[in-house]
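# Residue-level structure breakdown
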Amino acid sequence: MIVRMMQLAAVVAALWLVAIVSAQQPPAGPPLAAWSVPTRDEPMMAARAWFVASDGARDFVLFEAPPRGEVAAAPEAAGAEQGTLRPASGLQLMPEVMAAVDDAVFMVFSKGVSGFPLEVRNVLRARSAYLGDRWVTVPAGRFDAEPPLPATGLPVAAAGVRGRLGVLMLGVANAEQLGLMVLEGREWRTFPVPQDALMLARRTSERRGST
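The structure reproduced in this document is the subject of the present report. Computed from a prediction, not measured in an experiment: that's the story for all the values here. (Residues numbered from 1 in each chain as written. Predicted model: local features only at pLDDT ≥ 70, side-chain atom pairs only at ≥ 80, totals over all residues. Heavy atoms only, no water.)

### Considerations on the sheet that holds strand E4 (residues 86-91)
Taken together, the four strands give an open sheet; going across it, the order is E1-E2-E3-E4, and neighbouring strands pair in antiparallel fashion. The outermost strands of the open sheet, each flanked by one partner alone, are strand E1 (32-35) and E4. The mean inter-strand angle of the sheet, taken between neighbouring strand axes irrespective of direction, is 20°. Where strand E3 (residues 60-65) meets E4, five bridges bridge the pair, whose relative direction is antiparallel. Within E4, the residue paired with Glu64 across the bridge is Arg86. (Pairing = 2+ DSSP bridges. Helix = DSSP H or I, 4+ residues; strand = E, 2+ residues; numbered from the N terminus. Axes fitted to C-alpha atoms, helices over the stretch in contact; angles between N-to-C directions.)

### Here we look at the environment of Gln82
Checked against the element boundaries, Gln82 lands in the loop between E3 and E4. On a C-alpha basis, the gap between Gln82 and Pro66 in space is 9.4 Å, while along the polypeptide they are 16 residues apart.

### Section: the environment of Ser114
With respect to the helices and strands, the residue Ser114 is situated in the loop between strand E6 (104-111) and strand E7 (117-131). With 22 residues separating them along the chain, Ser114 and Gln92 place their C-alpha atoms 9.7 Å apart.

### Some thoughts on the pattern of salt bridges
Under the definition given, this model contains 11 salt bridges. We note a salt bridge from Arg121 to Glu96, for which the minimum N-O separation is 2.8 Å. Of the two residues, Arg121 sits in strand E7 while Glu96 sits in the loop between E4 and strand E5 (97-101), which places them 25 residues apart along the sequence. Residue class for Arg121 comes out buried when judged on its relative accessible area of 7%. (Salt bridge = Lys/Arg side-chain N within 4 Å of Asp/Glu carboxyl O. Buried < 20%, exposed > 50% of the residue type's maximum accessible area, 1.4 Å probe, protein only.)

### Structural notes on the side chain of Glu146
In this fold, Glu146 is placed in strand E9 (residues 144-150). Here Arg125 takes part through its side chain, which lies 3.2 Å from a polar atom of the side chain of Glu146. In this structure the side chain of Glu146 is engaged in a polar contact, spanning 3.2 Å, whose partner is the side chain of Arg186. Contact partners of Glu146, with chain neighbours within four places excluded, come to Phe106, Val123, Arg125, Leu183 and Arg186. (Polar contact = N/O pair within 3.5 Å; in protein donor to acceptor, adjacent residues only side chain to side chain. Contact = heavy atoms within 4.5 Å.)

### A word on unusual backbone geometry
Omega for the bond connecting Val138 with Pro139 falls within 30 degrees of zero, at -5°, which places this linkage in the cis form. Relative to the helices and strands, Pro139 is located in the loop between strand E8 (134-138) and E9. A positive phi angle, near 55°, is found at Asp102, a position not held by glycine. Within the secondary structure, Asp102 sits in the loop between E5 and E6. Residue Asp102 is classed as partly exposed on the basis of its relative accessible area of 38%.

### What about the packing of aromatic side chains?
Per the stated rule, a full pass over the model turns up two aromatic pairs. An angle of 85° between the planes, with centres 6.2 Å apart, marks the rings of Trp35 and Phe51 as edge-to-face. Linking Trp35 in strand E1 with Phe51 in strand E2 (residues 49-54), this pair joins segments that are 16 residues apart in sequence. Under the relative-accessibility criterion, Phe51 is labelled partly exposed at 22%. Between the aromatic rings of Tyr130 and Trp135, the centroid separation amounts to 5.2 Å while the plane-to-plane angle is 70°, which identifies the pairing as edge-to-face. An identical accessibility class is assigned to Tyr130 and Trp135; each is buried. Here the basic side chain of Arg48 rests over the ring of Trp135, its NZ or CZ set 4.9 Å away from the ring centre. (Phe/Tyr/Trp six-rings, centres within 6.5 Å; stacked < 30°, edge-to-face > 60°. Lys NZ or Arg CZ within 6 Å of the ring centre and 35° of its normal.)

And the structure:
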């Protein structure tokens, strides 16, 4: 039970940090972004980042900042230079939230390309792979579809922790309650956020933010 609480608190802490950063950005602030956490056998330079920014018209572009160090899954890959960005894919809509998990980025959409709300929230995934002499997006020209999220509630933040995708939702059970939805296999599991875990997450985020 204690281990389960600590695991839940770790996920909520990561989500709480994302939510705080997002809330502090002005409406015309930086683009939507997500960072991956390297595995235990990888250096921090193996982390990668994803960004979604407007292309100046009506569409958006998904960018990747490739790893700058050795990646266990692709030991032959050369580390990217500092500041390197590559266009990973075009997007017709800005995601509500996004998260990076290992070599993948997950994006949550509540509207279709027509602009009308969907009956469920689409969750799309793209991966980064090293092919030949460069990082590329797979699958090419499209995204993988993950199990959708319910249309009820409001996604507050998303984060990847220990290879798992978590989405913090407001108003799934009721308008005031936060719930944690975790993708396990092909199914979303909903966990109420215990007050103890929420307090631990808040203290963790405050401690990290002060360093």
